[in-house]
Amino acid sequence: MNHAAFSPARVWTLAAATVTQLVRMKILVFLLLFCAVVVAAGFAFPVLNPEHQLKLLKDVSFGALQIFSLVIGIVATALLLPRDLEDRTLYTILSKPVPRHEYLLGKLLGVLALIGAGLLVMDAAFSLVLWLREKLLLAQILAGLKAQTPEAVAQVQELVGKQGLTWNLHLGVLAVFLKAAVVTALALMVSCFASSTLFTVVVTFCIVIIGHGQGLLREYFLQGKMEPFVEKGLSALLAVLTPDLGVFDVIDNVVNGQVVGPGSAGYMTGIALTYITGYMVVSHLLFVEKEL
Amino acid sequence: MSDPQPITPAVSVENLTKVFRGALGRKPFVAVRDVSLTVREGEVYGLIGPNGCGKSTTMKTVLGLLAPTRGRTFVFGRSSTEVASRQAVGFLPENPYFYKHLNGLETLLFYGRLCGLGGAELRDRAREMLALTGLEDAADRRVAGYSKGMLQRLGLAQALLHRPRLVVLDEPTAGVDPAGSRKIRDLILGFRGQGITVLVTSHLLEQMQEVCDRVGIMAHGRMMREGRVDELIAVENQTELVLEDATPELLAEIRALVERQGGARLVRTGQPRTTLEKLFLEATEETN
Amino acid sequence: MKRPLQALLVLLLLGTLKLPLEQAATAHLRAEKLLTPRVDLGLRENLGQMGFAASLGGLRSLVASITYLRACGAWENVRWGAVDSLFQLTTRLQPRYTHYWDEAAWHMAWNASSHYLNNEKLNPALREKLSYEHVLRGRDILLEGLRMIPDDARLWHTLAELYERRDIQPAKAAECYLKVGELTGNLRFRRLAGYQYAKAADRALQLKGYELLMESYRANQRPPSLINTIKDLELALSIPAMLRIPEARVAPGAVR
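On a predicted model such as this, the values are computed, not experimentally measured, just so you know.

Draft legend 1. Just unusual backbone geometry, in detail. Its identity is not glycine, yet Glu 171 of chain B carries a phi of approximately 45°, on the positive side. With respect to the secondary-structure elements, Glu 171 of chain B resides in the loop between β7 (166-170) and α5 (178-193). Unusually for a residue other than glycine, Ser 238 of chain C sits at a positive phi of about 50°. Structurally, Ser 238 of chain C is set in the segment after α12 (224-236). Owing to a relative accessible area of 53%, Ser 238 of chain C belongs among the exposed residues under this scheme.

Draft legend 2. Highlighting the packing of helix α2 (residues 28-43) of chain A against helix α5 (residues 100-144) of chain A. Residue and element names in this part refer to chain A. The N-to-C vectors of α2 and α5 enclose an angle of 15°; their axes lie 10 Å apart at closest approach. If you check the angle between α2 and α5, you find them roughly parallel. Pair α2 / α5 crosses with right-handed handedness. In this structure, α2 uses Leu 31, Phe 34, Cys 35, Val 38, Val 39, Gly 42 and Phe 43 to contact α5, whose residues at the interface are Gly 118, Val 121, Met 122, Ala 125, Phe 126, Val 129, Arg 133 and Leu 136. Tallied by class, the residues present in the contact of α2 with α5 amount to 12 nonpolar, 2 polar and 1 charged.

Draft legend 3. The arrangement of the domain arrangement of chain B in detail. Residues and elements named next belong to chain B. When cut into domains, chain B gives domain 1 (1-88 + 164-237), domain 2 (100-163) and domain 3 (248-287). Distance between the C-alpha centres of domain 1 and domain 2: 25 Å. A combined buried area of about 730 Å² lies between domain 1 and domain 2, and 72% of that area is made up of carbon and sulfur atoms. Broken down residue by residue, the surface that domain 1 buries against domain 2 is led by Pro 164, Leu 187 and Phe 191, which jointly contribute 52%. Counting across the domain 1 and domain 2 interface gives 0 salt bridges. Remark: the boundary between domain 1 and domain 2 carries 1 residue pair in polar contact (both at pLDDT 80 or more). Among the secondary structure elements, those contributing two or more residues to the side of domain 1 that touches domain 2 are β7 and α5. Grouping the constituent residues of the side of domain 1 that touches domain 2 by class yields 7 nonpolar, 1 polar and 2 charged.

Rules of the game
Residues numbered from 1 in each chain as written. Chains lettered and ligands numbered in written order. Predicted model: local features only at pLDDT ≥ 70, side-chain atom pairs only at ≥ 80, totals over all residues. Heavy atoms only, no water. Helix = DSSP H or I, 4+ residues; strand = E, 2+ residues; numbered from the N terminus. Buried < 20%, exposed > 50% of the residue type's maximum accessible area, 1.4 Å probe, protein only. Axes fitted to C-alpha atoms, helices over the stretch in contact; angles between N-to-C directions. Parallel < 35°, antiparallel > 145°, perpendicular 65-115°, else oblique. Left-handed = near helix turned anticlockwise from the far one by under 90°. Contact = heavy atoms within 4.5 Å. Nonpolar A, V, L, I, M, F, W, Y, C, P; charged D, E, K, R; others polar. Domains from an automatic or database assignment. Buried area = accessible area lost by both parts, 1.4 Å probe. Salt bridge = Lys/Arg side-chain N within 4 Å of Asp/Glu carboxyl O. Polar contact = N/O pair within 3.5 Å; in protein donor to acceptor, adjacent residues only side chain to side chain.

Structure below.
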């Protein structure tokens, strides 16, 4: 029996076990909660103007999508590796012919699959509510319109449609996913040298916060706006060590109708892949000779 | 053992030294110092010693879970640092834990797939292992609800699933009741019958004495003694004689005979004691 | 010991190499208007810590929605100070969303301003003063919004109405209407600008107004107020009789 240095089947087995584990941890409850929030946001603010109602629905939904994906990315990942170590499940897995990089890759893909599937479900639920709300609003406004001239109807449709369901919104969801994927890889890397789940969660959360302000630090540093040496050195170090998570924060403007072009989607995907690959290489280096 | 000596040993440990780096401000800890041992294919090798003597560290190094500080370890001629060296190895850790969210069958399927098994073959094999370890009825229950003994048996099933040529057992009888530990003893003897090599650690010497072909005794990270069990424990200038239903007259005659001969000396007579373990087993087996 | 060192090295290398990539991506996304310019640093004092973290993250629009709803609550309770500061937060969080600027200005220049003007508990001088101050506050909000989104017709339109009805500065109102016309290409706004210039005291501006109104007239868009205003301007500017429009003045209340 020859031993393959890399086996997609083994990675898949590990990823599937990870998904099962997380699913059986009752993560689906979060999805139900999300759907409840979206429906509530869709129908709970009747006083606002119609166009703004749709925007609010999108804001709340995207906010929930972000929270879901980041929380799962950090917490689920932080739970996995340290727990396998604490429970010594890792002994039985790694005493099988499983290369350590496959174990890491399996964990990453498992969490990403879960986040991806969760986002898809949430996206579908949210799209449905938004679409229903849009149709309902349109009917309401048109019924309230005194003179239904073709121009007036077209104008209302355009106004409401701009805030309604578009394909572009799904690209916003893609941006949310990419950010969560980067954060997941980051959490996996941290958990490779962390000693506990709590440590991983806290450290990753801190990096995520800094990562959202990294662009600011980077720009200040690159434009030479900082004078004192310590300040300059510190901001350079932080800019180098943390990812720019702000790059993925396009949803504010996507919600307002800005279109995500192929170039933008390409940039975001490229940056996400760069980070993930880098973090996985570092994770591997930290994990390959880790004493168990 | 009448088997011809194989060329590549099942396990060989060459001058292994393992030093754990101390955490900040603490001294490094030497767990294993210059240990060498060889396990021949087909034999049962016991690594014995008190807790903390370095036997688990040695075992983990053999399995590639730890990297040696100095020295090398091999499994069937392949360095432990190679993933492929673990292909023919089944490992039962001390107090094994599994993913709590999987049931017994799923656990075996999971480990089977990691070993490259799959399909109907894996399913059959997993069922077979569950039957062998007496977990058939618990196959659909989540592992979270298993007792310690059941976890141990599942651990064994998992270790044997892919028909390994070498089985590594870390304290297999720790926390197991005597009946269970007797079963494990029988199982180990069964492995020997099938030609499977066994490397087992324990701090319970009596059990090891019964099953092992050879043992290594470790203390303070060093190998103190190594060799065949009967050779190690035999007191060479003494002979034991156990009689049943001997009359006092016969015993007196034997004593007189020994004195008349000269040279030899009677050290003691008395009634041999059964071990508490044997007594317990006899008592519990009677009630069953 | 060697591996962690290698790991750190890779991390630093990756960190250095990614910087230009991040710069390029940010520039591209800003150009596509997918990323918003940085939040003012002064905002840090206003938001609580969690809010600050979220405002940097992708939760900005969610937080903005919450502050917006709180602003609406403050409005229902007639707490104008709170309305103003909450809208300030909301607009800073989502500076590219027209509606927030528009509504913030409307609350100040219309609602709050009228509220103080009609508040009989205050002495008349104070009422006038407070009322006018809120009109100016509304104007400032709109000007700030237009710095963020300079080509937004709706904000220019609101500003024009503010100059027309609240601040009473016809010339400025006219300029704003012209801007709306320019952005939408709709002749009606050039006409509205014309009406405003017609009200100005300056003769040059009145002339400009006359030209704008005549544009509509020639385009055959001739509502009664247009006819009347042109007639007024013909008199005021002493337009020669041969250039005057033939229509008669329309009686007030006549149907268009």
